[in-house]
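A closer look at the structure
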Amino acid sequence: MAAKQKKSKAQELFIHNHCPQCGSKMRYDGGAFKKLKCTKCSYSRALNKDTDQVVNQPLHQGVKLNHFVKGMGLPMKAYFCLNCTAEIAMHKDSPLTTCPFCTSDELEPSDRDKDVFKPYSMIPFTVSQDHALKELRKWLGFTVLGVNFFPEDIFGLLEPPKMRGVYLPVFLFDGLTRSTWFGEAGLSFMDEKKGKKISRMMWDPTTGYYEHFFENLDVEISEGIDDLTMEDIQPYNYRYLVPYDTRFLQDNWTVELYQIPEIEGFKAANMLMDNEIMTAALDRIIADDVRKLKITSEKLSIAFKHVLIPIWVGSYVYQGEVFQFMINGQSGKITGEKPLSNFKLYVAMGIAIALITVLVLLFSW
């Protein structure tokens, strides 16, 4: 009787969860019953047959959007900035005259504050305005050989009225995902043919199961701040979320209102989850290459929250261009673009050229 062939590494089944009875690794049995089986004890669990099909159910169908309350919960005045297209609101007793994101005074009244879902929770400001201004002062203190190359009037940003506290909108998602994958894993090897070594690939079927709980997966929906700037001031620690309380908005705080439809936020979250699941599956397949990979996912127990996060914003216009300075209102992390004064640069270049000329003349004598 011929000896049984050993399974190649590409045929192994990789399971990313553990047995609830003994804690050992579990394997996916893709046979007729499609179960997860413990590698040590007798525990097994049948999988939902739906996992063997593409699940087309949109993420938002797990959440009843019509049950959410709309409005900010207090009397506000909303504005649409005609310059940067941000939509912002403040308490009705604190009228807004300029946009905190671009300094434009082209603000058109709006009633969008009545259409957004009421925030579920928020991160209050823990960085004071004084501390934010100190951080900005340090950040603007950069010099080269004692020379500061910024336009002089940029330091007007250090005046308290120029530094605005804004709450930005974010969508957070929690959800349990269960995914199975099927595909082919390739292991490369060298084959010798007619005295020449040729690289070839051996393809074997691979399949597996991955279970993951997403917690506070954030979808950024700000129009006033670009995505790169938002990445620069991250992270926010969502463990310090508190229930939404309108008292946090009554002392001249500005709120940015989200403009994308809620369904678009769900689509973005769905894509982010799928990308992470794809990466996790590829990480668990031991192979030199993978092809014909098909991943089927269930997304269960989805929780959706509209939350507000704090940021200090300072904006400066130089030669018709807006430069933003952002400070994370929870951690104090700062980012932004510093404009350089052309006049100071030209003067510095002139001095440098003059010094080089003098040195050349001295060494040539």
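See the structure shown above.
Here is what the cut-offs are and how they apply
Residues numbered from 1 in each chain as written. Predicted model: local features only at pLDDT ≥ 70, side-chain atom pairs only at ≥ 80, totals over all residues. Heavy atoms only, no water. Helix = DSSP H or I, 4+ residues; strand = E, 2+ residues; numbered from the N terminus. Buried < 20%, exposed > 50% of the residue type's maximum accessible area, 1.4 Å probe, protein only. Contact = heavy atoms within 4.5 Å. Areas by Shrake-Rupley, 256 points an atom, 1.4 Å probe, with all protein chains shown as cover. Pairing = 2+ DSSP bridges. Phe/Tyr/Trp six-rings, centres within 6.5 Å; stacked < 30°, edge-to-face > 60°. Core = buried A, V, L, I, M, F, W, Y, C linked by side-chain atoms within 4.5 Å. Expected span 1.5 Å × (residues − 1). Arc of directions from axis to C-beta. Salt bridge = Lys/Arg side-chain N within 4 Å of Asp/Glu carboxyl O.

1. A look at the overall build of the protein chain
The secondary structure content of the protein chain amounts to four helices and 15 strands. Residue burial in the protein chain is summarised as follows: out of 365 residues, 43% are buried. Across the protein chain, the fraction of contacts at a sequence separation of at least 24, relative to all contacts at a separation of at least 6, is 72%. Total accessible area computed for the protein chain in this model is approximately 20,800 Å², and 54% of it derives from carbon and sulfur atoms.

2. Side note on the pairing of strand β9 (residues 164–193)
Here β9 runs beside strand β12 (residues 254–256); their pairing, made up of two bridges, is parallel. When the sheet's bridge partners are listed, tyrosine 167 is paired in β12 with valine 255. Summarising the sheet, β9 and strand β10 (residues 196–220) pair through 23 bridges and their orientation is antiparallel. Paired with lysine 193 across the two strands is lysine 196, which belongs to β10.

3. Description of the environment of proline 261
By the element assignment, proline 261 lies in the loop between β12 and α3 (262–284). Residues proline 261 and isoleucine 221 lie 40 residues apart in sequence; the distance between their C-alpha atoms is 10.0 Å.

4. Focus: the packing of aromatic side chains
According to the stated counting rule, one finds 13 aromatic pairs in the structure shown. Ring plane angle 70° and centroid distance 4.9 Å describe the contact between phenylalanine 171 and tyrosine 258, whose orientation is recorded as edge-to-face. Highlighted residues: phenylalanine 171 in strand β9 and tyrosine 258 in the loop between β12 and α3, separated in sequence by 87 residues. For tyrosine 258, a relative accessible area of 2% gives the class buried. Taken together, the ring pairs connect Phe68, Phe117, Phe171, Phe173, Tyr258, Phe266 and Phe304 into an aromatic cluster.

5. Overview of the nonpolar core
Ranked by internal contacts, the top residues of the largest apolar core, which has 49 residues, are Met72, Leu136, Tyr167, Phe173, Leu249, Val255 and Trp312. Those elements that provide at least two residues to this core are β5 (76–81), α1 (129–139), β9, β10, α3, β13 (289–318) and β14 (321–328). A per-element tally of this core places α3 first, with six residues. Tyr79, Cys81, Cys99 and Met326 belong to the second-largest nonpolar core, a separate cluster that totals 25 residues.

6. Let's talk about α3
Its 23 residues give α3 an end-to-end C-alpha distance of 33 Å, which sits within 8% of 33 Å, the value for a rise of 1.5 Å per residue. Here α3 has its buried residues at Glu262, Gly265, Phe266, Ala269, Met273, Ile277, Ala280 and Ala281.

7. Section: α1
If you check which residues of α1 are buried, you get Ala132, Leu133, Glu135, Leu136 and Trp139. Here the buried residues of α1 occupy an arc of 160° about the axis, which is enough to place them on one side. Projecting away from the buried face of α1 at angles above 90 degrees are the exposed residues Asp130, Lys134 and Lys138.

8. Some thoughts on the pattern of salt bridges
Under the counting rule described, the total for this entry stands at eleven salt bridges. Here lysine 138 makes a salt bridge to glutamate 135, at a shortest N to O gap of 3.5 Å. Taken as a pair, lysine 138 and glutamate 135 lie in helix α1 at a separation of three residues, close to a single helical turn. Measuring nitrogen to oxygen at the nearest pair gives 2.9 Å for the salt bridge that ties arginine 200 to aspartate 191. Aspartate 191 sits in the partly exposed class, given a relative accessible area of 26%. Look at the salt bridges and you will find they share partners, linking Glu184, Arg291 and Lys292 into a network.

9. Some remarks on unusual backbone geometry
Residue proline 235 is bonded to the preceding glutamine 234 through a cis peptide linkage, with omega at 5°. Phi is positive for lysine 292, which is not a glycine, with a value near 55°. Along the polypeptide, lysine 292 turns up in strand β13. A residue is classified by how much of its surface remains accessible, and lysine 292, at 61% relative accessible area, is exposed.

10. Some details on the environment of valine 69
Among the secondary structure elements, valine 69 is positioned in the loop between β4 (44–46) and β5. Judged by relative accessible area, valine 69 falls into the exposed class, the value being 53%. The spatial distance from the C-alpha of valine 69 to the C-alpha of aspartate 115 is 9.5 Å, given a sequence separation of 46 residues. In contact with valine 69, not counting residues within four places along its chain, are Val116, Phe117 and Lys118.

11. A word on the pairing of β5
Both β5 and strand β6 (residues 87–91) contribute to a ladder of five bridges, which runs antiparallel. Counted as the bridge partner of tyrosine 79 is isoleucine 88 from β6. Here β5 runs beside strand β7 (residues 107–110); their pairing, made up of four bridges, is antiparallel. Residue cysteine 81 lies in a different strand from β7, and its bridge partner there is leucine 107.

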